[in-house]
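# A structural walkthrough
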Amino acid sequence: MRERHHQHTVAKTNVLTPFATSRKGARLLLYAELALLALLVTAPWLSTWLKMPFWLDLGTRLSILAMAGVSLNLLMGLAGLVSFGHAAFLGIGGYAVAIALWHAVYGGAPWLASESGLFHLGLAAGLGAAWAVLTGLVALRTRGVHFLMITLAFGQMIYYLLSGLETYGGDDGLTLDLRSQFPGITLDDAGSMHWLAVAGLIIALLLHAGLRSSLIGLMLRGTKADDRRMRALGYPVFVMQLGLYVLAGTLASLSGALAANHAAYVSPSMAEWTRSGDLLFMVILGGSGRVTGPLTGAAIFVILEEVLSSFTRYWHLPFGLLLIAVALYQAGALDIVSKRLHSKDAAETEMDG
Amino acid sequence: MRTVLHRPIGQEGTRTMNGALLFTQLVNGLQYGLLLFLVAAGLTLVFGILDFVNLAHGAFYMLGAFVSASITALSGSWPLALLLSPLVVAILSVPAERFVARPLYGASPLVQVLATFGLLLVMEALAMIVWGTEGRGVPLPSWLHGHVEFLGVALPAYRILIVLVGLSVAVASFWLVYRTRFGMQVRAAAANRAMAEALGIDTLAVEARIFAFGAGLAALAGALVAPLSEANLAMAFEVIIIAFVVIIVGGLASLKGAFIAALLVGMTDTLGRAFLDDALRTVLSAEAAETAAPAISSMSIYLFMAVVLAIKPSGLFPPRTRELR
């Protein structure tokens, strides 16, 4: 029974997205995502031309979220590792930037104080990788739902750690007095900030695409299909998965560093578990395993959040209902419901799986 | 903001470590652990039977607090609210089980998590519509305001009540699961669902009942906590992760594991908060200890979980009837 569930899962998450259930649909979706990417690259010019700075801001947010989504999709799409603690990396990356800048402005901790953007990115990547190694060593010894819950708990650990940093604002978070300084570009310019975010997104996408067709990527996909068999064949499954986890964590941490610069503000809620849930939603909506899928997911999420929250303060209600609908659809449960309407017996045989 | 983690733990008392303070904190830890058990019990039972991950379980805890606040306000009787709110929430949980959880039994955990995350948001929004965004305080009857002398230490009467209620409900649920015909069906379904069905057990009905039972227990915990803090929307989001820590540490599938893990987690958290500051002072400067202690103590249960998992990846009491993954 367990084996059957397992294969069921793999098949579903590989093929289905709520938007593309056929080959042709998938190709159309890919074109739409590439068009969106082109739109993001040209957004600073477009927004100046159309005089709509708000849309540029939205585009930057979308790019950063999509980059975080791509990093989670590396884990889910390649190795089938569903992490529910991915937002912790965003928090780590964001606070790496914020704390280094805080010390640069207010003094103290000379080894940490710096305005240099390269130092910030290095620090964010290093801390993200370190956290991934530490938690990966424990979490990757488990699979499936255990992995999911353990990463959830580890993510929450970062949330409480950040909330407990009274020096850096505690629960209230920290406003950045200035942004990371890069040679030649200034992030106070919305266009430069946007292009940096888009560059991050494209690098993450290329990484995923490259890894996917590489030998290591193939081995990782093998572990997704059947990791016990891969282990029996002599592949270092644990090491490969840990490496992937570290890569994904580093990317997510970098996207957190970008998010901190974009908003000029960090708070523990960056690392809150509901954020991890949002990221999961984005990946699933775009189809986990599709390289460009998180673009669709992030676009829909940003639009939903923007539209629904402007209509009603109870925007969690329609958003939650949508999540339920996507999940029921993904599990094929909506088919079961419609079948049940036609024939009760057919439905009963469905349920015993 | 979902930031202030509710703590049903008294921080009153002096900073010096002495017998009376230690005893008070142990009682606080026991009380917190029992409340955690009430929330974790439903989670672990449902997970044990069907590998179903229910992120929305914390919402029943929140609903318990709000419903008890409303019943207290309407009837003026808090004991009545304590008795009724678990029943009300158990009934409210029936459509959640029927329309969201049941179609997803046997689906991938990812899909279950997504759906129950959505369910949690829906229930939060509905609670916001019914009760508003402000918290609801619950006044206690006057006879629960005092202190009770116990072994030479004065303890708040209400905390004693929580411990007593928690212990008796824990005993009752153990009796239900390990000593009754219904409990036997639950355990049979958990051990081997197909076999249980072959023997004529209606596993869907068992599952629906255990879901409602778990929701009722969580609601009871919420109703017990409400007078200490207040009923608020953030409760659902905070308690669920801690309940997950409890069932992970406990090994995910047994009531016994959840009970022991709940007490351990409750104690770790309470004692960490109470004594970590002083303990750190012995190795760090006073200033450094003061900065580090709150951050570390709020992570203490997660550190505890990490240590347990590093030693035993499948928790303290892994299920014996199914293969380990």
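Residues numbered from 1 in each chain as written. Chains lettered and ligands numbered in written order. Predicted model: local features only at pLDDT ≥ 70, side-chain atom pairs only at ≥ 80, totals over all residues. Heavy atoms only, no water.

### Some words on the overall build of chain B
- What chain B contains, in helices and strands, is 11 helices and 2 strands.
- Mapped from its N terminus to its C terminus, chain B presents α and β elements in the order α-α-α-α-β-β-α-α-α-α-α-α-α.
- At 20 Å, chain B has a C-alpha radius of gyration in line with the 20 Å of a compact globule built from 325 residues.
- By principal-axis analysis of the C-alpha atoms, chain B measures approximately 60 × 50 × 40 Å.
- Buried positions account for 59% of the 325 residues belonging to chain B.
- Long-range contacts, defined here as pairs at least 24 residues apart, represent 78% of the contacts in chain B between residues at least 6 apart.
- Total accessible area computed for chain B in this model is approximately 12,600 Å², and 68% of it derives from carbon and sulfur atoms. (Helix = DSSP H or I, 4+ residues; strand = E, 2+ residues; numbered from the N terminus. Rg over C-alpha atoms; globule rule 2.2 N^0.38 Å. Buried < 20%, exposed > 50% of the residue type's maximum accessible area, 1.4 Å probe, protein only. Contact = heavy atoms within 4.5 Å. Areas by Shrake-Rupley, 256 points an atom, 1.4 Å probe, with all protein chains shown as cover.)

### Here we look at the packing of helix 7 (residues 190-213) of chain A against helix 9 (residues 237-263) of chain A
Residue and element names in this part refer to chain A.
- Running from amino to carboxyl end, helix 7 crosses helix 9 at an angle of 170°, the nearest separation of the two axes being 10 Å. Judged by the angle between their axes, helix 7 and helix 9 are roughly antiparallel. Residues Met 193, Leu 196, Ala 197, Ala 204, Leu 207 and Leu 211 of helix 7 form the contact with helix 9, whose participating residues are Leu 244, Leu 247, Leu 251, Leu 258, Asn 261 and His 262.
- Considering only residue class, the contact of helix 7 with helix 9 consists of 10 nonpolar, 2 polar and no charged. (Axes fitted to C-alpha atoms, helices over the stretch in contact; angles between N-to-C directions. Parallel < 35°, antiparallel > 145°, perpendicular 65-115°, else oblique. Nonpolar A, V, L, I, M, F, W, Y, C, P; charged D, E, K, R; others polar.)

### Some thoughts on the confidence of the model for chain B
Residues and elements named next belong to chain B.
- Chain-level statistics for chain B give a pLDDT mean of 85 and a share of 93% at 70 or above.
- In this model, residues 1-16 is a region of pLDDT below 50 whose contacts with residues beyond four sequence positions or in other chains number 47 contacts.
- Overall fold confidence for the complex sits at a pTM of 0.85, while the interface term, ipTM, reaches 0.84. (pLDDT = per-residue confidence, 0-100.)

### Re the pairing of strand 2 (residues 153-156) of chain B
Residues and elements named next belong to chain B.
- The pairing of strand 1 (residues 147-150) with strand 2 spans 4 bridges and is classified as antiparallel. The residue bridging His 147 from the neighbouring strand is Pro 156, located in strand 2.
- In sequence, strand 1 turns back onto strand 2 through a hairpin of 2 residues, with Leu 151 there showing a positive phi of about 55°. (Pairing = 2+ DSSP bridges.)

### Notes on the interface of chain B and chain A
- Across the boundary between the two partners, chain B contributes 59 residues, which contact 54 residues of chain A.
- Each partner contributes to the roughly 5,400 Å² buried at the junction of chain B and chain A, and carbon and sulfur atoms together form 75% of this total.
- Linking chain B to chain A there are 0 salt bridges.
- In this assembly, chain B and chain A are joined by 3 residue pairs in polar contact (both at pLDDT 80 or more).
- Of all the elements in the fold, those that place two or more residues in the side of chain B that touches chain A are helix 3 (78-101), helix 4 (109-131), helix 7 (193-198), helix 9 (235-250) and helix 11 (286-311) of chain B.
- In terms of residue count, the dominant contributor to the side of chain B that touches chain A is helix 4 of chain B (17 residues).
- In terms of residue class, the side of chain B that touches chain A is made up of 42 nonpolar, 7 polar and 10 charged. (Buried area = accessible area lost by both parts, 1.4 Å probe. Salt bridge = Lys/Arg side-chain N within 4 Å of Asp/Glu carboxyl O. Polar contact = N/O pair within 3.5 Å; in protein donor to acceptor, adjacent residues only side chain to side chain.)

### Considering a nonpolar patch on the surface
Residues and elements named next belong to chain A.
- On the surface, a nonpolar cluster with roughly 620 Å² of combined accessible area is contributed by Trp 49, Leu 50, Met 52, Phe 54 and Trp 55.
- Mapped by element, the contributors of at least two residues to the nonpolar patch are helix 2 (23-50) and helix 3 (53-79).
- For Leu 50, the location among the structural elements is in helix 2. (Patch = residues over 30% accessible without salt bridge, like charges linked within 9 Å, V, L, I, M, F, W, Y side chains within 5 Å.)

### Regarding the environment of A:Met282
- Looking at the element boundaries, A:Met282 is found in helix 10 (residues 273-286).
- Not counting the four nearest positions on each side in its chain, A:Met282 is found in contact with A:Leu65, A:Gly297, A:Ala298 and A:Phe301.

### Description of the environment of A:Ala96
All names here are of chain A.
- Locating Ala 96 in the fold gives a position in helix 4 (residues 87-106).
- Taking relative accessible area as the criterion, Ala 96 reaches 5% and is therefore assigned buried.
- As a C-alpha pair, Ala 96 and Ser 253 span 157 residues in sequence and 9.0 Å in three-dimensional space.

### Notes on the packing of aromatic side chains
- Tallied over the entire structure, the rule returns 25 aromatic pairs over all chains.
- For the ring pair B:Phe60 and B:Phe211, a centre distance of 6.0 Å and an interplane angle of 85° mean the geometry is edge-to-face. Residue B:Phe60 is found in helix 2 (residues 57-75), and its partner B:Phe211 is found in helix 8 (residues 203-225); the two are separated by 151 residues along the sequence. Across this residue pair, the class does not change: B:Phe60 and B:Phe211 are buried.
- One aromatic cluster in this structure is built from A:Phe84, A:Trp273, B:Phe117 and B:Phe237. (Phe/Tyr/Trp six-rings, centres within 6.5 Å; stacked < 30°, edge-to-face > 60°.)

### Some words on unusual backbone geometry
- Positive phi, normally seen in glycine, also occurs at A:Lys51, with a value near 55°.
- Residue position: A:Lys51 is located in the loop between helix 2 and helix 3.

### A few points about the confidence of the model for chain A
All names here are of chain A.
- Summing up the model confidence of chain A, the mean pLDDT is 86 and the portion of residues at 70 or higher is 89%.
- Considering each helix and strand of chain A separately, the mean pLDDT is smallest for helix 1 (residues 2-15), with a value of 41, and largest for helix 9, with 96.
- Considering only residues more than four positions removed or in separate chains, one finds that residues 1-15, a stretch of pLDDT under 50, has 20 contacts.

### Describing the pattern of salt bridges
Residues and elements named next belong to chain A.
- One pass over the structure, following the stated rule, counts 10 salt bridges over all chains.
- Residue Glu 306 is joined to Arg 61 by a salt bridge in which the shortest nitrogen-to-oxygen separation is 3.7 Å. Taken as a pair, Glu 306 in helix 11 (residues 293-311) and Arg 61 in helix 3 lie far apart in primary sequence, 245 residues in all.
- Sharing partners across several salt bridges, the network here consists of Arg 61, Glu 305 and Glu 306.

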